[in-house]
Amino acid sequence: MLYREAGDFKSTYPSDNQTFPIRFDRYAYWALIGFAFLVVPFLLTDYWANSIVIPLLIYVIAALGLNILIGYCGQLSLGTGAFMAVGAYATFKLTTAFPWMPIYIVFILAGLVTAAVGVLFGLPSLKIKGFYLAVATLAAQFFLIWLFTRVGWFFNDSATGMISMPERTVFGVLVTGPAASAMAVYMTCLVFVVGMAWLARNLTRGTVGRTWMSIRDMDIAAEIIGVNPLIAKLTAFAVSSFFVGVAGALLFGVYLGAAEAGEAFGINKSFLVLFMVIIGGLGSILGSFLGAAFLIVLPVLLKVFLVDALGWPADLARHLEVMIIGALIVLVLIVEPHGMAALWRTAKEKLRLWPFPH
Amino acid sequence: MSDTVLFAFEAAINGLTVGIMYSLVALGFVLIFKASGIFNFAQGVMALFAALTLVGLQEGAIPFAHLINATFGTSIHHFGFNIPTLIAIPLTIAVMVGFAWLVERIVLKHLVNQEPIILFMATIGLAYFLEGLGDIMWGAEVKRLDVGLPQGGNIWFEENTQWLGFGNENFYGFYIDTLNLYALVIAAILVTALVIFSQYTKQGRALRAVADDHQAALSVGISLRFIWVLTWSIAGIVALVAGIMWGSKSGVQFSLSLIALKALPVLILGGFTSIPGAIVGGLLIGVGEKLFDFFMQPIIGGATENWFAYMLALAFLLFRPQGLFGEKIIERV
Amino acid sequence: MTVEQREQVPMLDTQTEGYVTADGRQIGGVVMELKNITLRFGGVVAIKDISFDIRHGEIRAIIGPNGAGKSSMLNVISGFYNPQEGELIYKGYKRPQMRPYKVSRMGIARTFQNIALFEGMSVLDNIMTGRMHHMKAGFLSQAFWWGAAAREEAENREAVEKIIDFLEIQAIRKTPVSRLPYGLKKRVELARALAAEPQILLLDEPMAGMNVEEKEDMSRFILDVNDEFGTTTVLIEHDMGVVMDLSDRVVVMDYGKKIGDGTPEEVMNNQDVIDAYLGVSHD
Ligand SMILES: Nc1ncnc2c1ncn2[C@@H]1O[C@H](COP(=O)(O)OP(=O)(O)OP(=O)(O)O)[C@@H](O)[C@H]1O
Ligand SMILES: [Mg+2]
């Protein structure tokens, strides 16, 4: 009887329009935030941080970004990997060129650089749609990666062709480089996730979000009723790339520490994030969290069960994982095109009516 | 003739033979797109899977041997006999038809009225599934595929093109893999067969009817589901041909499925609904990327093949969104 | 002159002459005038040299058999099609070729023959999208949900709620549009157009496929909108009864040509019109 909507009436429009209209959800949300900020940092072991928690947080940001583009604005992109690379390489260039620059500012600037590149490659979306656009984003994917591996300026002509992250501190605490503590890295990622999820929520609840969705649902009608497609699409590309760029910056800056464009940000990254968005739920912020969590946890689970417990060879487990993910994508699209988020919503509706289902 | 021109020619010929591969994969795309409006991302992986199956059958490998060994601690790999190529190929075709049937049953049937973009993403899922399945079924190591096609350079071609050097001392004639000449011939036969099939058989006419107008075709009693199984089967056979070509040349390996991606720009050039378009587009891109790389290498560095096709397609899209041979799309409300 | 400046030009000069309808409504001057419009699609001539005008506050019907070019005419008005010939005078100024979203910004809203709602959004969001021009909060304000963004959202929600009450769709405001039955969708589409508070409202067969009761409701809404807000309305409709009841003046089209123009009675007695409708099946 805790989870109730009845008696929870809204008397003003803003309160009817808030993020968690049901009181119980609101409490749960604050409890979760409190837990993430105040409890998790002290429980976190290096294993958990590196294999699950930190990649999860970083991919949540990437998934949020791609979801804005595909799920909200309906523009398919297969160039996520390359845009993450832009964020990573911008981070590298900025930290090495301006060593005094605070690292959080660097991450944000890296996001902005990516946004600019995203807009550039988003321009074709004004003329082309659907999978035609997918091909245009593939151009971004392959061209940018080629650029980053071929042009010495981008990796400061390092002999290995890799970029590596110098050490940086925030308030005296080391957050980048191999010596940074799991707690510092975790807190950095958490701050970005919370901040960016909040931005995403704000942008999708108001006019900007509605113009995106109108383009997604019926672009011609949207233009006739007054949506400027140029602005709608380019803002979607910009915001999406900003998110993806920050994710790439974090992935390189605080997680990998060193990277080579082709390996770390290849086309498979694009697909990974795309799958997170599809499985989690197109057009849903919660879905981006669920999808990222699912695809980060799945391989770890498979490894623990199949490789560690049953003694399978690692590559076999990996092939099985590829197969499972593929099957899941098809399954989700057939059963519930809005992914885990929609399943969650349905479950909640059931719960809300329980024990009187009518 | 000067060295540069001759080398450029050689690059172009090289490109032509890669282009045939692109064309073949693109051909599979077009077939499925015409009949069902589905943009089948899995076409390249289908080629990989078909080639893997063919090799597996030829060698008498036990399917899922790795999986069985890992679960039961056994150590089995082969049945102990080889299947002759002439039997293995029909068997592989049967597998591809079975796959087509399963795809229709399990996937397409449930996604009939979805938007194209959803269907496209579903085929990406399918591609991943099939890739994982192929690796688990037959093992992931690079395999040699030999169906008896001759290997190595073609002496005859080389000798008979030497005069093109017009007295250039350094020129011994163009080098070309014999295999590629075969590929050219086989591709031509395949396209001819397809044309004959679609013009002169009952199923072929049904296929064209569906491609022209879904509703009308349905109303005269053509079974859409049958047509889908049919097109996916044909696409499977085309994939097998592509798989054999590529596999004989560079071994059966994952890179094969990456060709699927190159087929996308090919389709943009050729148009999604045009069979000649797929062929011409494939050749254009194959030649284009080799020539571009040849001339640009000294200036901007090599490996431009990675992106040239996509950039070309992108530039092209901006001016002619419907492709070279495609029909213009008119939007209405 | 920029679009904004042009909008500020007073409409006085177009409001000189008007007329009073049978039921005593004052109809104003010409707001929009279409002059010799010709629209071709390749070989097909969808509109052939058509001229007519729309007066302030009137309900102007366009009728004609299927394929006559009625929807194409609305598409010309909303800027989706560019006619090869002819000009369109809006509020006394020749309108240059412009993108549809700019046209809509100049006070022209519409519904579509084949419902064009945003299926993935709720009823409320659909209608709020129609209000876009009344919301000016900048991008950053929205991103941080500071100041203007939150305030505007609440203000415009209020305006939208009025329309929701007016069209009696309170119960479905949070429902995803895709779950609504056809008749309600048509109503939501009208709501979305009204939300823009347009000066000219274009309705493309708003009652197609409805039963008698639904048609009566819709007719009432159209009349009420016209009465309460004085919205100029252009209406395409096949049901002659509805046209006779609602409209002040009627343009009749056939094969892209104008074959009649006048009050419903005049048009009904026009021999060309009778001929055009004879033997032509329409619903
Ligand atoms: N985008 C387009 N491309 C080509 N032809 C078109 C296009 N839009 C309309 N037409 C043609 O223009 C003519 C008029 O069409 P329109 O839709 O305006 O007719 P209508 O009067 O609205 O008919 P209905 O009563 O059936 O809605 C038709 O012959 C139609 O096929
Ligand atoms: Mg019409």
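Look up: the structure comes first, before these words.
Residues numbered from 1 in each chain as written. Chains lettered and ligands numbered in written order. Predicted model: local features only at pLDDT ≥ 70, side-chain atom pairs only at ≥ 80, totals over all residues. Heavy atoms only, no water.

Trainee: I'm lost on the pairing of strand 5 (residues 59-63) of chain C in this one. Help?
Mentor: Moving residue by residue along a regular strand, the side chains alternate between the two faces of the sheet. All names here are of chain C. Extensive coverage of strand 5 is indicated by the burial of five of its five residues. With burial as the criterion, each face of strand 5 is covered, one bearing I59, A61 and I63 and the other bearing R60 and I62. As defined by bridge partners, strand 5 adjoins strand 10 (residues 232-236) across four bridges and the pair is classed as parallel. Pairing of I62 across the sheet is with I236, part of strand 10. (Buried < 20%, exposed > 50% of the residue type's maximum accessible area, 1.4 Å probe, protein only. Helix = DSSP H or I, 4+ residues; strand = E, 2+ residues; numbered from the N terminus. Pairing = 2+ DSSP bridges.)

Trainee: For this particular structure, what's the right way to read the environment of A100(B)?
Mentor: For A100(B), the position within the fold is in helix 4 (residues 85-111). Residues A100(B) and M245(B), spaced 145 residues apart in sequence, show a C-alpha to C-alpha distance of 21 Å.

Trainee: Where do I start with the coordination of the magnesium ion (ligand 2) in this structure?
Mentor: Angles at a metal have ideal values that depend on geometry: 109.5 degrees with four tetrahedral donors, 90 or 180 degrees with six octahedral donors. All names here are of chain C. Protein coordination at the magnesium ion (ligand 2) comes from S71 (OG) and Q113 (OE1), with a distance range of 1.9 to 2.0 Å. Of the two residues, S71 is situated in helix 2 (residues 70-77) and Q113 in the loop between strand 8 (108-110) and helix 4 (123-130); the sequence distance between them amounts to 42 residues. Taking the relative accessible area as the measure of exposure, Q113 reaches 28% and is therefore partly exposed. (Donors = N, O, S within 2.8 Å, 3.2 Å for Na, K, Ca; no water.)

Trainee: Any chance you could explain empty space enclosed by the protein here in plain terms?
Mentor: In this approach, a probe sized like a water molecule rolls over the atoms, and the result shows the empty space that is left. Tallied over the full model, the rule gives seven cavities of 30 Å³ or more. In this model, the largest cavity occupies a volume close to 70 Å³. When residues of the lining of the largest cavity are traced back to their parent elements, those giving at least two are strand 8 and helix 7 (182-195) of chain C. Tallying contributions element by element places strand 8 of chain C first for the lining of the largest cavity, with three residues. Of the voids in this model, the second largest cavity is the one considered here, and its volume is about 60 Å³. Together, L66(A), L69(A), S77(A), T80(A), F83(A), F237(A), S240(A), S241(A) and V244(A) line the second largest cavity. Going through the elements one at a time, helix 3 (46-72), helix 4 (80-97) and helix 10 (229-256) of chain A are the ones with two or more residues in the lining of the second largest cavity. Examining the composition of the lining of the second largest cavity, we find that four residues originate from one element, helix 10 of chain A, more than from any other. Of the residues assigned to the lining of the second largest cavity, the class counts are five nonpolar, four polar and no charged. (1 Å grid on protein atoms, 1.4 Å probe; cavity = no way out; pocket = protein on both sides within 12 Å on 5 of 7 lines; lining within 4 Å. Points joined across faces, edges and corners; volume = space filled by probe spheres on them. Nonpolar A, V, L, I, M, F, W, Y, C, P; charged D, E, K, R; others polar.)

Trainee: What exactly am I supposed to notice about the site of ligand 1 here?
Mentor: Surrounding ligand 1, one finds 16 residues, the nearest of these being G67(C), K70(C), S71(C), S72(C) and Q113(C). Chains contributing residues near ligand 1 are chains B and C. Within the backbone of A68(C), an N or O atom sits 3.2 Å from an oxygen atom of ligand 1. Within the complex, 79% of the 640 Å² of free accessible area of ligand 1 lies under protein. Top element by residues in the shell around ligand 1 is helix 2 of chain C. It accounts for three residues. A breakdown of the residues in the shell around ligand 1 according to their chemical character gives five nonpolar, seven polar and four charged. (Near = heavy atom within 4 Å. Polar contact = N/O pair within 3.5 Å; in protein donor to acceptor, adjacent residues only side chain to side chain. Areas by Shrake-Rupley, 256 points an atom, 1.4 Å probe, with all protein chains shown as cover.)

Trainee: Where do I start with the sheet that holds strand 9 (residues 200-204) of chain C in this structure?
Mentor: Hydrogen bonds between backbone atoms are what pair the strands of a sheet, whose relative direction is either parallel or antiparallel. Residue and element names in this part refer to chain C. Sheet architecture is open: six strands sit in the order 8-9-10-5-11-12, paired in mixed fashion. Here the strands that pair on one side only, and so sit at the sheet edges, are strand 8 and strand 12 (257-262). Across the sheet, the mean angle from the axis of one strand to that of its neighbour is 20°, orientation sign disregarded. The sheet contact formed by strand 8 and strand 9 spans three bridges and is parallel. From the neighbouring strand, R110 faces strand 9, where its bridge partner is L202. (Axes fitted to C-alpha atoms, helices over the stretch in contact; angles between N-to-C directions.)

Trainee: What am I meant to see in helix 1 (residues 3-36) of chain B here?
Mentor: Along an α-helix, a turn takes 3.6 residues, which lines up residues three or four apart on a common side. Residue and element names in this part refer to chain B. Look at helix 1: 49 Å from first C-alpha to last across 34 residues, which is about the 50 Å you get at 1.5 Å a residue. When you tally the buried positions in helix 1, you get 25 out of 34 residues, the bulk of the element. G37 occupies a position one or two residues after helix 1 and carries a positive phi of about 70°. (Expected span 1.5 Å × (residues − 1).)

Trainee: So what exactly am I meant to see when it comes to a nonpolar patch on the surface here?
Mentor: All names here are of chain A. Together, L32, F35, L38, V39 and L43 line one region of the surface with nonpolar side chains, adding up to about 520 Å² of accessible area. Structurally, V39 can be placed in helix 2 (residues 23-43). Owing to a relative accessible area of 34%, V39 belongs among the partly exposed residues under this scheme. (Patch = residues over 30% accessible without salt bridge, like charges linked within 9 Å, V, L, I, M, F, W, Y side chains within 5 Å. Salt bridge = Lys/Arg side-chain N within 4 Å of Asp/Glu carboxyl O.)

Trainee: Looking at this model, I keep getting lost on the packing of aromatic side chains. Mind explaining?
Mentor: Each aromatic ring pair is specified by the distance between its two centres and by the angle formed by the two planes. For the structure on display, the rule yields 35 aromatic pairs over all chains. Relative to W307(B), the ring of F143(A) has its centre 4.8 Å away and its plane inclined at 85°; by these criteria the two rings are edge-to-face. Taken together, the residues span two chains, with F143(A) in helix 6 (residues 130-150) and W307(B) in helix 13 (residues 305-319). The exposure class of W307(B) is buried, given its relative accessible area of 7%. Their ring planes at 65° and their centres at 5.2 Å tell us that W146(A) and W307(B) sit as a pair that is edge-to-face. Remark: W307(B) occurs in helix 13 and W146(A) occurs in helix 6; the pair is interchain, linking two chains. (Phe/Tyr/Trp six-rings, centres within 6.5 Å; stacked < 30°, edge-to-face > 60°.)

Trainee: Could you clarify how one ought to interpret the nonpolar core in this entry?
Mentor: Soluble globular proteins: nonpolar side chains tend toward being buried together. Ranked by internal contacts, the top residues of the largest apolar core, which has 275 residues, are W212(A), F243(A) and L274(A). The biggest single contributor to this core is helix 3 of chain A, with 18 residues. When residues no more than four places from it in sequence are discounted, the contact partners of L274(A) are L66(A), I70(A), L76(A), L78(A), M121(B) and I124(B). Core analysis: the next-biggest nonpolar cluster, separate from the first, contains 36 residues, I59(C), A196(C), F221(C) and V225(C) among them. (Core = buried A, V, L, I, M, F, W, Y, C linked by side-chain atoms within 4.5 Å. Contact = heavy atoms within 4.5 Å.)

Trainee: Would you explain the packing of helix 7 (residues 178-200) of chain B against helix 8 (residues 202-212) of chain B in this entry?
Mentor: Packed helix pairs are characterised by how far apart their axes lie and by the angle those axes make with each other. Residue and element names in this part refer to chain B. Between helix 7 and helix 8, whose axes approach to 5 Å, the crossing angle comes to 85°. Classified by the angle their axes make, helix 7 and helix 8 are roughly perpendicular. Taken together, the residues of helix 8 that come into contact with helix 7 (itself represented by F197, S198, Q199 and Y200) are K202, Q203, G204, R205, L207 and R208. Along the lines of polarity and charge, the residues of the contact of helix 7 with helix 8 split into three nonpolar, four polar and three charged. (Parallel < 35°, antiparallel > 145°, perpendicular 65-115°, else oblique.)

Trainee: Would you take a moment to explain the interface of chain B and chain A for this structure?
Mentor: By a frequent convention, interface size equals the accessible area lost on bringing the separate parts together. With 51 residues of chain B at the contact, the number on the chain A side is 42 residues. When chain B packs against chain A, close to 4,300 Å² is buried across both sides, 83% of that on carbon and sulfur atoms. Of all residues in chain B, M121(B), Y128(B) and W307(B) give up the largest surface area on contact with chain A, accounting jointly for 15% of the area buried on that side. At the surface where chain B touches chain A, the tally comes to zero salt bridges. If you list the elements that add at least two residues to the side of chain B that touches chain A, you get helix 3 (65-72), helix 4, helix 5 (116-138), helix 11 (255-270) and helix 13 of chain B. Here the side of chain B that touches chain A is composed, by residue class, of 37 nonpolar, ten polar and four charged. (Buried area = accessible area lost by both parts, 1.4 Å probe.)

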